[in-house]
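Here is what each chain is made of, one letter per residue.
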Amino acid sequence: MNPTSLSRLLARANLRLIRFAVLVAAASLMVSGLILIRDNASRQLALVARTVGYTVEPGVVFGDREAVLEGVRSVADSPAVDRVEVIDPAGRVLARWHRGGTAVHAMLCDPLNPLLWPEAAVREVKRGGATLAVVHVHGDIGGQLRYLLIGGAISLVCLALTVIASRFVADRLGHEVIDPVENLAAELARIRTSGDLSQRLSGSTVAELDQAASEVNRLLAELQRLRERLPAHAASRRSAGEDEEGHDNA
Amino acid sequence: MRTGRNLARQALALAMASQLAAESGAARAAPASDAAVARMVASFVEFTRWPERRGVVRLCIAGTADKAGALGPMRLSDGRPIERKVLQPAALANGQCDVAYFGTMPAASLRAATTALRGKGVLTIAENDPQCRSQAMFCLVYPASGVSFRLNIDAVSRSGLRVDPRVLRIGEGEAGQ
């Protein structure tokens, strides 16, 4: 198995870390944003229901369905609202308004609206304590879908930018860390092949590598001293051996 | 022979269908019922505020009122009753009325009556003045769909009463001055 280079290991680890961080940040932002938007939309629906109830009250009292519908239309025409119904206590629909939209909007939102907005915002139209009608305002998921699409696109762009940035960081890391390591390895190889133990490693800009080079230099110095002492020791051993042979012959 | 009978039957059915359609059309275009007018008048009262709130709303009828049959004892949503009186137009301005409902009467008399009530805190309603030239605050009109009204903003502003502005949306545009 070929060992992987340090620069590649670092680049890979860097990329994974950045990708994970960006995805977690994007997901948490999207989820928190969606919760926030839904909460705001829910308040907006309640406000629309209240305003519709106030606006249509005279129309309900006068029994004028056109005025009721006109009142609903004037207030409820908002992207957060899908449809509004005004129903009298007997269950008769006094006005029903649907915002409508493009075919794509209908295809995407109509099946999802009941899931996100299972219950309508409800407001009773009361006069003198008696309920004259009930306003039902159903929400539209279009706003949330737009947020998801825009948020998703921004997350992807951020991810692409961070991948490019991680490549840049990996190159810089290689320049500042990997090059000194490779230099150290090259100098060691040169000393080994030359057999010249008087050579020393040059210092490094990386503190850990500089310390390692100092230790290797001390080791080289010891090896050099050993080698210098080795011929004298060998000669003395040789002369001592010859003396012993002379005694034996004598 | 049989074909001739079938044709005759079909012609008869067609005639009956035409008659039914004509009758239903006539029903749609029928004049507004007294109940619808009463509901309209009660609604005017509902959305009007008097400077002093009374426990009973006094409704005075003057002139020949053809559609006031249901303007009998009624109750507002807050429980206050509406009491009906029939008065001569000249007696309307003596403080006995909160609401003046004018039936058919000469234009000059109608105009004089509304002028006399101006600023006295009396809600004025004209039954038969579709152009609203009488300076009544509300003038009933009778479209095919039933009953509606015109609002005379000038008369409202001079009446001394406060009419809920939301009622403006309901009427058939501002009446001519």
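Sequence order sets the numbering: in each chain, residues are counted from 1 along the sequence as written. Starting at A for chains and at 1 for ligands, labels are handed out in the order in which the entities are written. Only residues with pLDDT of at least 70 get local features here, since the model is predicted, and only at 80 or more are side-chain atom pairs given and counted; chain-wide, interface and lining totals rely on the full set of residues. Side-chain measures were taken over the full set of non-hydrogen atoms in the model, leaving aside hydrogen atoms and water.

A. The overall build of chain A, seen in detail. The secondary structure content of chain A amounts to five helices and four strands. A simple rule labels every residue: compare its accessible area, found with a 1.4 Å probe on the protein chains alone, to the largest value its type can have, and call it buried under 20%, exposed over 50%, or partly exposed in between. The buried share of chain A, taken over its 250 residues, is 30%. It only takes one pair of heavy atoms within 4.5 Å for two residues to be counted as in contact. The long-range fraction of contacts in chain A, counting pairs at least 24 apart against all pairs at least 6 apart in sequence, stands at 65%. Accessible surface area values rest on a Shrake-Rupley calculation with a 1.4 Å probe, where residue burial reflects the displayed protein chains alone. Carbon and sulfur atoms form 60% of the exposed surface of chain A, whose accessible area is close to 16,200 Å². Segments assigned H or I by DSSP are reported as helices when at least four residues long, segments assigned E as strands when at least two residues long, and all are numbered from the N terminus.

B. Fine view of the nonpolar core. With 36 residues, the main nonpolar core has Tyr101, Leu123, Phe138 and Phe149 of chain B as its most contacted residues. Contributions of two or more residues to this core are made by helix H1 (6-62) of chain A together with helix H2 (34-46), strand E2 (57-62), strand E5 (99-102), strand E6 (123-126), strand E7 (138-141), strand E8 (148-151) and helix H4 (153-157) of chain B. At seven residues, H2 of chain B tops the list of elements feeding residues into this core. The next biggest cluster of nonpolar side chains, apart from the first, holds 22 residues, and it includes Ala41, Trp117, Val135 and Val137 of chain A. Definition used in this section: a nonpolar core is a set of buried Ala, Val, Leu, Ile, Met, Phe, Trp, Tyr and Cys residues joined via side-chain atoms within 4.5 Å.

C. Inspection of the pairing of E6 of chain B at higher detail. Residues and elements named next belong to chain B. Here E6 shows two buried faces, one formed by Leu123 and Ile125 and the other by Thr124 and Ala126. Note on pairing: DSSP must find at least two bridges between two strands before they are called paired. Both E5 and E6 contribute to a ladder of four bridges, which runs parallel. Its bridge partner lying in E6, Val99 is registered against Leu123. With its strands directed away from the observer, a crossover is right-handed exactly when the path from the first strand over the helix to the second travels clockwise. What joins E5 to E6 is helix H3 (residues 107-117), and the crossover it makes is right-handed. One ladder, built from two bridges, connects E6 with E7; its direction is parallel. For Ala126, the partnering residue across the bridge sits in E7 and is Cys139.

D. Just the side chain of Glu187 of chain A, in detail. Residues and elements named next belong to chain A. Within the secondary structure, Glu187 is located in helix H4 (residues 142-194). Counted charges follow a simple rule, with Lys and Arg positive, Asp and Glu negative, and His plus the chain ends left uncounted. In the sections that follow, a salt bridge refers to a side-chain nitrogen of Lys or Arg positioned within 4 Å of a carboxyl oxygen of Asp or Glu. An unpaired buried charge is present at Glu187: no salt bridge exists, and Arg190, the closest side chain of opposite charge, is 4.4 Å distant. Among residues more than four places away in sequence, those in contact with Glu187 are Arg200, Leu201 and Ser202.

E. Looking closely at unusual backbone geometry. Residue and element names in this part refer to chain B. Although it is not a glycine, Cys132 adopts a positive phi angle of roughly 60°. Summarising the element assignment, Cys132 is placed in the loop between E6 and E7. On the basis of relative accessible area, Cys132 is assigned to the buried category, the value being 0%. Although it is not a glycine, Gln135 adopts a positive phi angle of roughly 65°. By the element assignment, Gln135 lies in the loop between E6 and E7.

F. Up close: the interface of chain A and chain B. With 16 residues of chain A in contact, the opposing surface of chain B contributes 14 residues. Accessible area, probed at 1.4 Å, shrinks when two parts are joined; the buried area is that loss added up over both. Ranking the residues of chain A by area buried against chain B places Pro58, Phe62 and Arg127 of chain A at the top, with a combined share of 52%. The interface formed by chain A and chain B contains two salt bridges. The partner of Glu57 of chain A in a salt bridge is Arg166 of chain B, with the nearest N and O atoms 3.0 Å apart.

G. Seen up close, the packing of aromatic side chains. In summary, the pairing rule links any two rings of Phe, Tyr or Trp, Trp by its six-membered ring, whose centres are within 6.5 Å, and it sorts them by plane angle into stacked for under 30 degrees, edge-to-face for over 60 and tilted for everything else. Evaluation of the coordinates by the stated rule reveals six aromatic pairs over all chains. Ring geometry for Phe44 of chain B versus Phe138 of chain B: centroids 4.0 Å apart, planes at 15°, classification stacked. In this pair, Phe44 of chain B is assigned in helix H2 and Phe138 of chain B in strand E7, connecting sequence segments 94 residues apart. The exposure classification of Phe44 of chain B matches that of Phe138 of chain B, with both residues buried. In textbook terms, an aromatic cluster arises when at least three aromatic residues are bridged by ring pairs, as seen for Phe62 of chain A together with Phe44, Phe47, Phe138 and Phe149 of chain B.

H. Representation of the pattern of salt bridges within the structure. With the rule as written, the count across this model stands at 19 salt bridges over all chains. Salt-bridge contacts for Asp98 of chain B lead to Arg54 of chain B; the nearest nitrogen and oxygen are separated by 3.1 Å. Of this pair, Asp98 of chain B sits in the loop between strand E4 (81-86) and E5 while Arg54 of chain B sits in the loop between strand E1 (48-49) and E2; the two residues are 44 residues apart in sequence, bridging distant segments of the chain. If you follow the salt bridges from partner to partner, you end up with Glu57 and Arg127 of chain A together with Glu46, Asp164 and Arg166 of chain B in one network.

I. Spatial organisation of the confidence of the model for chain B. Residue and element names in this part refer to chain B. The predictor rates its confidence in each residue with pLDDT, a number between 0 and 100. Averaged over chain B, the pLDDT score is 80; the fraction of residues at 70 or greater is 79%. When mean pLDDT is taken per element in chain B, E6 scores highest with 96 and helix H1 (residues 2-28) scores lowest with 40. Predicted confidence is poor over residues 1-30, with pLDDT under 50, and the contacts of this stretch with residues over four places away or in other chains come to two contacts. Complex prediction metrics read pTM 0.66 and ipTM 0.70.

J. Summary view of the sheet that holds strand E4 (residues 130-139) of chain A. Residue and element names in this part refer to chain A. Within the open sheet, the four strands sit side by side as E2-E1-E4-E3. Their pairing is antiparallel. If you trace the sheet from one side to the other, it starts and ends with strand E2 (93-98) and strand E3 (121-127), each paired once. For this sheet, the mean angle separating the axes of adjacent strands, direction not counted, is 15°. Bridging between strand E1 (residues 81-87) and E2 involves five bridges; their strand directions are antiparallel. Bridge pairing links Val86 to Ala95 in E2. Packed on one face of the sheet, helix H2 (residues 65-76) meets E1 and E2 and runs near 35° to E2. Axis definition: a line fit to C-alpha positions, over the contact stretch in the case of helices; interaxial angles, taken between N-to-C directions, run 0 to 180 degrees.

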